[in-house]
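Observations on the three-dimensional arrangement
Residues per chain, in single letters:
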Amino acid sequence: MKLIIVSGRSGSGKSTALHVLEDLGFYCIDNLPIGLLFPLTTEAANHSDSPGRLRKMAVSIDARNLAGELTNFETIYRQLRGTGVTVEIIYLDANEKSLLQRFHATRRKHPLSDDKTSLREAIGDEKRLLEPLSKLADLYIDTTGMSMYELRDMIKQRIVGRKDQELALLFQSFGFKHGVPLDSDYVFDVRCLPNPYWDTSLRQYVGTDQPVIEFLEKEPLSRRMVDDLIAFLDSWLPSFADSNRSYMTISIGCTGGQHRSVYVCEQLGHYFRQKYNNVQVRHTELPHLQSRDQA
C-alpha cells in the first residue's frame, strides 16, 4: 500500500496537488486529523482485496490539526513505516510575499487568523506548527511564482511519472537577485562564467537560444563548469538513490536567471535524461519556456 501525505502552508497549493492525485486514481482525504492516520491505513490494509484504489491513498494534513497532534506526527509516521506501508510526504510552500498576495487576491480567511492574529502572523505561526512535517518531507516544492497549471504538471511528472524506488531529478535555473529557491537540495553558483548580458546584442536572448549557447560554448570555463557538475552528480546521485531518496532538486543560479544558469541546466538535463527516467528542467525566471528536450 502506498500513502502520500500532502502538507504545507495555506495558499501553497495543497488542494491542487490533492486534486491531481485524485484524478490519477488515488483515494484522497482532505484535512485528515493526524490521530486517524494509523486507523485509516490499518482499515485499508484489512481490505487489501478490495478495489485497487485503496492501495493508493493520499491525505492532506495542515495546521487545522490540533497543535498536540502535529507535535506527535513523527511518532505516528515512524509507526506507519514500521507496518510496511510506503509513505511519502510532499510538502508545498511559497515565500511570505506570495502567500500574502494569494490570500489578498482570493479574499480567503487564513485558518489561523482571528481578531488578535494578523494574516502575516498567522502565516508565520503556520510555518512553525508544520515543522514536524516539513523536516520529514521526501519532496519539498516551492510554488512561488508557479501557476496552478504548472503545479499540476509538476505533480504529475515528479510524483506519478516515476516508478517506485526511482530517483526523480529536477534541474532548475534561478537568479540570485530574486532569491534561492526554497526547495533546493543542491545549489550551484555559475556567476563566475562570462555573462552574455554584457553583450548588448545578446540581451534579447535567453540561455536556450543559439546565440547565447554559442557565446558560452566558445568559453572554456563553461564546458569545464558543466563537466565538473556532471562528474560531481554522477559520483553522488547513486548514493542518494541507494539510501531510498526519491527526489532531488538541483538549483543552478546566475545573477538574473536568464542566461548562464539556463544554459547549464539545459546541459545537465540533456546528460542525465540518458541515465534517469524521470528528469525535469525548469527555469524559474522564464516560466513559459519549455526545456528543449521536453518540447
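Scope of this entry: the structure provided in the associated data block.

Each helix and strand in the chain was counted, giving 11 helices and 9 strands. A compact globule built from 295 residues should have a C-alpha radius of gyration of about 19 Å, and the chain, at 21 Å, falls within 12% of that. With respect to the three principal axes, the spread of C-alpha positions in the chain is 60 × 50 × 30 Å. In the chain, the share of contacts with a sequence separation of at least 24, taken over all contacts with a separation of at least 6, comes to 78%. Total accessible area on the chain is roughly 14600 Å²; 49% of this is exposed by carbon and sulfur atoms. Taken as two groups, the 36 positive and 38 negative side-chain charges of the chain have centres that lie 2 Å from each other.

Counting residues in hydrophobic clusters, the biggest one holds 30 residues, and the most contacted among them are Leu169, Phe171, Ile250, Ile252, Val264 and Phe272. Looking at this core, the elements that each hand over two or more residues are strand 6 (168–175), strand 7 (186–189), helix 9 (210–217), helix 10 (220–242), strand 8 (247–254), helix 11 (260–272) and strand 9 (278–283). Among residues more than four places away in sequence, those in contact with Leu169 are Arg158, Leu237, Met248, Ile250, Phe272, Tyr276, Asn278, Val279 and Gln280.

Our next topic: the packing of aromatic side chains. A complete count under the given rule lists 11 aromatic pairs for this structure. When the ring of Tyr186 is compared with that of Phe240, the centres are 6.0 Å apart and the planes differ by 90°; the resulting orientation is edge-to-face. Remark: Phe240 occurs in helix 10 and Tyr186 occurs in strand 7; sequence separation between them is 54 residues. For Phe240, a relative accessible area of 23% corresponds to the partly exposed category. The structure contains a cluster of three or more aromatic residues connected by ring pairs, namely Phe171, Tyr271, Phe272 and Tyr276. Across the ring face of Phe176, the terminal group of Arg191 is positioned such that the distance to the ring centre comes to 3.8 Å. Taking NZ or CZ as reference, Arg203 lies 4.1 Å from the ring centre of Tyr197, over its face.

Moving on, we get to the pattern of salt bridges. Scanning the model with the defined rule gives 11 salt bridges in all. Two residues, Lys135 and Glu74, come together in a salt bridge whose shortest N-O distance is 3.4 Å. Here Lys135, found in the loop between helix 7 (131–134) and strand 5 (139–142), pairs with Glu74, found in helix 4 (residues 73–82); they are 61 residues apart in sequence, far enough to count as distant. As a salt-bridge pair, Arg120 and Glu96 come within 2.3 Å of each other at their nearest N and O atoms. Of this pair, Arg120 sits in helix 6 (residues 119–129) while Glu96 is found in helix 5 (residues 96–106), placing the two residues 24 residues apart along the sequence. What you see here is one network of salt bridges that share partners, running through Glu74, Arg78 and Lys135.

Attention now moves to the sheet that holds strand 8. Pairing is parallel in the open sheet, where 4 strands are placed in the order 7-8-6-9. Bordering the open sheet on either side are strand 7 and strand 9, each of which pairs with just one other strand. Neighbour-to-neighbour, the strand axes of this sheet turn through a mean angle of 15°, independent of strand direction. The sheet contact formed by strand 7 and strand 8 spans 4 bridges and is parallel. Along strand 8, the bridge assignment pairs Phe188 with Ile252.

About the thresholds
Residues numbered from 1 in each chain as written. Predicted model: local features only at pLDDT ≥ 70, side-chain atom pairs only at ≥ 80, totals over all residues. Heavy atoms only, no water. Helix = DSSP H or I, 4+ residues; strand = E, 2+ residues; numbered from the N terminus. Rg over C-alpha atoms; globule rule 2.2 N^0.38 Å. Contact = heavy atoms within 4.5 Å. Areas by Shrake-Rupley, 256 points an atom, 1.4 Å probe, with all protein chains shown as cover. Lys, Arg positive; Asp, Glu negative; His and termini not counted. Charge placed at Lys NZ, Arg CZ, Asp CG, Glu CD. Core = buried A, V, L, I, M, F, W, Y, C linked by side-chain atoms within 4.5 Å. Buried < 20%, exposed > 50% of the residue type's maximum accessible area, 1.4 Å probe, protein only. Phe/Tyr/Trp six-rings, centres within 6.5 Å; stacked < 30°, edge-to-face > 60°. Lys NZ or Arg CZ within 6 Å of the ring centre and 35° of its normal. Salt bridge = Lys/Arg side-chain N within 4 Å of Asp/Glu carboxyl O. Pairing = 2+ DSSP bridges. Axes fitted to C-alpha atoms, helices over the stretch in contact; angles between N-to-C directions.

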